[in-house]
There are 4 protein chains.
Amino acid sequence: MLSNIRNLRIEWCDCDPAGIIFYPRYFEMFDTSTTVLIERALGMNKIDYLKAYDFAGHPVIETRARFRQPTRFGDEVAIETMLVECGQSSFKIEHRLTKAGALAVEGFETRVWAASHPDDPKHIKSQPIPPEVLARFNSN
Amino acid sequence: MLSNIRNLRIEWCDCDPAGIIFYPRYFEMFDTSTTVLIERALGMNKIDYLKAYDFAGHPVIETRARFRQPTRFGDEVAIETMLVECGQSSFKIEHRLTKAGALAVEGFETRVWAASHPDDPKHIKSQPIPPEVLARFNSN
Amino acid sequence: MLSNIRNLRIEWCDCDPAGIIFYPRYFEMFDTSTTVLIERALGMNKIDYLKAYDFAGHPVIETRARFRQPTRFGDEVAIETMLVECGQSSFKIEHRLTKAGALAVEGFETRVWAASHPDDPKHIKSQPIPPEVLARFNSN
Amino acid sequence: MLSNIRNLRIEWCDCDPAGIIFYPRYFEMFDTSTTVLIERALGMNKIDYLKAYDFAGHPVIETRARFRQPTRFGDEVAIETMLVECGQSSFKIEHRLTKAGALAVEGFETRVWAASHPDDPKHIKSQPIPPEVLARFNSN
């Protein structure tokens, strides 16, 4: 199973007047973790893999998160990210954010492989994940 | 059922290199909508109701969202926010973001009424929602 | 002189653990105010004027701000935005954010009219502001 | 002179529809760099030094930045941060963000040592920097 771990620190700019992280910041962190996971699987930076496979990105169509304990500025955390399922045009990712080994947040996201809609460039639509990408998503 | 609608515009600063909204921004918008809902129910700004009820806030412990169609900078959207369930120390909120009447995003959140933990100010714990607040949450 | 005023509220999501606005949020607000100013001058939304004039945007090349008094969540503020100078390929904007009539923040920005560099699409370069745009910038 | 360098990567979440960084993100990065600088000077995390010296923070009262070349998602950058001046109750910081050795952004900020106003807890006011802090700011 494809996975990676990022270590980072919760910063002042991530926190709200209650002194704890403002939860939408977790989704920004998860988004970067997903990018890093795919970059490593494909051996290319995102800016390059978007060009190489000529697509618009892998937008989230559904997400879910459970916040088990808050984190605060200065907290060192780890985010473990796993590709847990891969279909023809969508895939599922799970994130586990831990602080000192204890689970603080679980995140779940479903993403699609998206291209501009041929009849309407203002809209995007899902399309089959290229076989080469599928092979890399499934082999790691 | 307590509810309110906010009309806003998706801005350049909300969007990513794909030209569509970066989805964590929706959670920022939903958070503000929840605040406005509670402010109206209690007849006080958040800065005042935090003091009046001497608590730390109403952090999200679980959230979920489905993104049905993307929004882009310049899009005028409406967010309808509803209090759908209220327990002893937690409550559930639903958000429906529409663009030109069409549903673009659905958000679901569970929040707790939180206070600093008496034995450890670094942690927060849920506590009973004050009866006066419960009455207002249930009567509207 | 081209100008406009936006009224908005400082929200919880804009504030940091000191309970006051996290100052980079002001620059997000100023960026939207500049967009609105140009949209009104040109009579088109940004998504349309970027296409109509086939350019990459009007990035900031220099900015400056003075923070005279903090704002907090719940504060109603007004941002007055003025085009104060317009050259061949750049223009200057000033923002005055007030709270209850008192000046809280002054912002100054210099922006260029930018296109992708013809020899290197990864870079952008300034180019002359179209005469039609100049006319509108100077006549309002 | 007190200084430090942070290496980081510009991410998708930092960028706008032009595909380049949305400039307010630089101020978030600079704010974290300033925090790290002070943490190292004082030998404590921010959460601890706020308590140790019983103050409200070191808000920016004036900032300025020049953006010399854009950065894009995937760019590895370095931020060098220096304490360039220190007065009785304020200090000045400079940031130099480079990409592949080339200067991309210069940032300048003036901050004050702030406490809650004794007569009005809703306002903050500058106060003398403690001698112990001054000594550390000047000796490194």
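Residues numbered from 1 in each chain as written. Chains lettered and ligands numbered in written order. Predicted model: local features only at pLDDT ≥ 70, side-chain atom pairs only at ≥ 80, totals over all residues. Heavy atoms only, no water.

1. Considering the overall build of chain A
What chain A contains, in helices and strands, is three helices and seven strands. The N-to-C order of helical and strand elements in chain A reads β-α-α-β-β-β-β-β-β-α. The proportion of buried residues among the 140 residues of chain A is 60%. Pairs at least 24 apart in sequence give 61% of the contacts found in chain A among residues at least 6 apart. With an accessible surface of roughly 5700 Å², chain A has 46% of that area assigned to carbon and sulfur atoms. Charge-centre separation for chain A: the mean point of 17 positive side chains lies 3 Å from the mean point of 19 negative side chains. (Helix = DSSP H or I, 4+ residues; strand = E, 2+ residues; numbered from the N terminus. Buried < 20%, exposed > 50% of the residue type's maximum accessible area, 1.4 Å probe, protein only. Contact = heavy atoms within 4.5 Å. Areas by Shrake-Rupley, 256 points an atom, 1.4 Å probe, with all protein chains shown as cover. Lys, Arg positive; Asp, Glu negative; His and termini not counted. Charge placed at Lys NZ, Arg CZ, Asp CG, Glu CD.)

2. A few points about the interface of chain D and chain C
Tallying the contact residues gives 26 residues for chain D and 26 residues for chain C. Regarding the contact of chain D and chain C, the summed buried area is about 2300 Å², with carbon and sulfur atoms giving 60% of it. Counting the contacts that link chain D with chain C gives two salt bridges. Here Arg25(D) and Glu28(C) are joined by a salt bridge, their closest N and O atoms 3.0 Å apart. Put simply, chain D and chain C have six residue pairs in polar contact (both at pLDDT 80 or more) between them. Breaking the side of chain D that touches chain C down by element, the ones donating at least two residues are α1 (24-42), β2 (60-67), β5 (102-112) and β7 (120-126) of chain D. In terms of residue count, the dominant contributor to the side of chain D that touches chain C is β2(D) (eight residues). Classifying every residue of the side of chain D that touches chain C by side-chain character gives 13 nonpolar, three polar and ten charged. (Buried area = accessible area lost by both parts, 1.4 Å probe. Salt bridge = Lys/Arg side-chain N within 4 Å of Asp/Glu carboxyl O. Polar contact = N/O pair within 3.5 Å; in protein donor to acceptor, adjacent residues only side chain to side chain. Nonpolar A, V, L, I, M, F, W, Y, C, P; charged D, E, K, R; others polar.)

3. Here we look at the relation of the copies chain D and chain C
For these two chains of identical sequence, chain D goes onto chain C by a turn of 180 degrees and a shift of 0.0 Å along the axis, with RMSD 0.0 Å. Taken together, the rotation and translation relating the two chain copies correspond to the operation of a two-fold axis. No C-alpha of chain D approaches the rotation axis more nearly than that of Arg64(D), which lies at 2.1 Å. In this assembly, 100% of the residues forming the interface of chain D have copies in chain C that are likewise at the interface, indicating an isologous arrangement. (Least-squares fit on C-alpha atoms with pLDDT ≥ 70 in both.)

4. Looking at the interface of chain D and chain A
Contacts between the two partners involve 17 residues from chain D and, on the opposite side, 17 residues from chain A. A combined buried area of about 1500 Å² lies between chain D and chain A, and 57% of that area is made up of carbon and sulfur atoms. It is Trp12(D), Ile47(D) and Phe73(D) that lose the most area in chain D upon contact with chain A, and together they represent 33% of the buried surface on that side. At the junction of chain D and chain A, the tally comes to two salt bridges. For Arg9(D), the salt bridge goes to Glu39(A), with nearest N and O atoms at 3.0 Å. Put simply, chain D and chain A have two residue pairs in polar contact (both at pLDDT 80 or more) between them. Looking at the side of chain D that touches chain A, the elements with two or more residues in it are α1 and α2 (46-52) of chain D.

5. Describing the packing of α1(D) against helix α3 (residues 131-139) of chain D
Geometrically, a packed helix pair is captured by the angle between its two axes and the distance between the axes. Residue and element names in this part refer to chain D. Axis separation between α1 and α3 bottoms out at 9 Å; the angle between their running directions is 105 degrees. With respect to α3, the element α1 is oriented roughly perpendicular. Contacts between α1 and α3 involve Ile38, Ala41 and Leu42 from the former and Val133, Arg136 and Phe137 from the latter. Partitioned by chemical class, the residues of the contact of α1 with α3 number five nonpolar, no polar and one charged. (Axes fitted to C-alpha atoms, helices over the stretch in contact; angles between N-to-C directions. Parallel < 35°, antiparallel > 145°, perpendicular 65-115°, else oblique.)

6. Considerations on the relation of the copies chain D and chain A
The transform that puts chain D on chain A rotates by 180 degrees and translates by 0.0 Å along the axis, for an RMSD of 0.0 Å. Interface residue correspondence from chain D to chain A reaches 100%, placing this contact among same-surface, isologous pairings.

7. Brief notes about the state of the cysteines
Residues and elements named next belong to chain D. Per the stated rule, a full pass over the model turns up zero disulfides over all chains. Of all cysteine sulfurs in the structure, the one in cysteine 13 sits closest to cysteine 15, which takes part in no disulfide; the separation is 8.0 Å. Judged by its relative accessible area of 3%, cysteine 15 is buried. (Disulfide = S-S within 2.5 Å.)

8. Things to note about the pattern of salt bridges
Charged atoms that come close allow side chains of opposite charge to pair. Summed over all chains, the structure comprises 37 salt bridges over all chains. Look at the salt bridges and you will find they share partners, linking Arg25(A), Glu28(A), Arg25(B) and Glu28(B) into a network.

9. Observations concerning the confidence of the model for chain A
Parts of the model with low pLDDT should not have their predicted coordinates read in detail. Of the residues in chain A, 98% reach a pLDDT of 70 or more, and the chain-wide mean stands at 94. Reported for the predicted complex are a pTM of 0.96 and an ipTM of 0.94. (pLDDT = per-residue confidence, 0-100.)

10. Looking at the environment of Asp54(D)
Residues and elements named next belong to chain D. With respect to the secondary-structure elements, aspartate 54 resides in the loop between α2 and β2. Classification of aspartate 54 as exposed rests on a relative accessible area of 65%. When the C-alpha positions of aspartate 54 and alanine 115 are compared, they lie 8.0 Å apart, and in sequence the two are 61 residues distant.

11. Regarding the sheet that holds strand β4 (residues 90-99) of chain C
On the basis of which strands lie adjacent, the open sheet formed by ten strands has the order β1(C)-β3(C)-β4(C)-β5(C)-β2(C)-β2(D)-β5(D)-β4(D)-β3(D)-β1(D) and antiparallel pairing. Either end of the sheet is taken by a strand with one partner, and the two such strands are β1 (3-9) of chain C together with β1 (3-9) of chain D. Averaged over neighbouring strand pairs, the angle between their axes works out to 15 degrees when direction is ignored. Contacts between helix α1 (residues 24-42) of chain C and the sheet are confined to β1, β2 (60-67), β3 (76-86), β4 and β5 (102-112) of chain C together with β2 of chain D, with β1(C) contributing the most and set at about 140 degrees to the helix. (Pairing = 2+ DSSP bridges.)

12. Considering the sheet that holds strand β3 (residues 76-86) of chain A
Spatial strand order, β1(A)-β3(A)-β4(A)-β5(A)-β2(A)-β2(B)-β5(B)-β4(B)-β3(B)-β1(B): ten strands in an open sheet with antiparallel pairing. One side of each edge strand has no neighbouring strand; the edge strands of this open sheet are β1 (3-9) of chain A together with β1 (3-9) of chain B. Between one strand and the next, the sheet's axes are offset by a mean angle of 15 degrees, whatever the strand orientation.

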